[in-house]
Amino acid sequence: MIFLQLVTLPVGNFLAKVLPSTKFRIRNSKWEFSLNPGPFNVKKHVLISIFAKTKTAFAGGIAYAVGIVNVIKLFYHKKITFFAS
């Protein structure tokens, strides 16, 4: 987790400088996009850190939603269908 937080800031700044900022237009539409979303700021850095913490925080890396399903099955003895889970 700490390693990821330390590495993402320099890598994000590097990619913000290296990725092309030219805009690509999709044919026959008004949509366009760029491979470079703009400068890498603290907000993006914090969001990456939150995503990394979510991955490692719960029972060896499972997502929160999967943990909730497991709790419902274990403690409440409820069967959850595939579509509900």
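Model, not experiment: these values are computed from the prediction. (Residues numbered from 1 in each chain as written. Predicted model: local features only at pLDDT ≥ 70, side-chain atom pairs only at ≥ 80, totals over all residues. Heavy atoms only, no water.)

K.L.:
What exactly am I supposed to notice about the packing of aromatic side chains here?
P.N.:
This model, assessed by the stated rule, comprises 1 aromatic pair. Summarising the aromatic geometry, the rings of Phe 24 and Phe 33 are spaced 5.6 Å apart at their centres and angled 35° between planes, so their arrangement reads as tilted. The exposure class assigned to Phe 24 is partly exposed, which follows from its relative accessible area of 35%. (Phe/Tyr/Trp six-rings, centres within 6.5 Å; stacked < 30°, edge-to-face > 60°. Buried < 20%, exposed > 50% of the residue type's maximum accessible area, 1.4 Å probe, protein only.)

K.L.:
I keep staring at the pattern of salt bridges and nothing clicks. Help me out?
P.N.:
Pairing is possible between side chains that carry opposite charge, provided their charged atoms lie close to one another. If you walk through the whole model with that rule in mind, you get 1 salt bridge. Here Arg 25 and Glu 32 are joined by a salt bridge, their closest N and O atoms 3.2 Å apart. Assessed through its relative accessible area of 55%, Arg 25 is described here as exposed. With relative accessibility at 40%, the residue Glu 32 sits in the partly exposed group. (Salt bridge = Lys/Arg side-chain N within 4 Å of Asp/Glu carboxyl O.)

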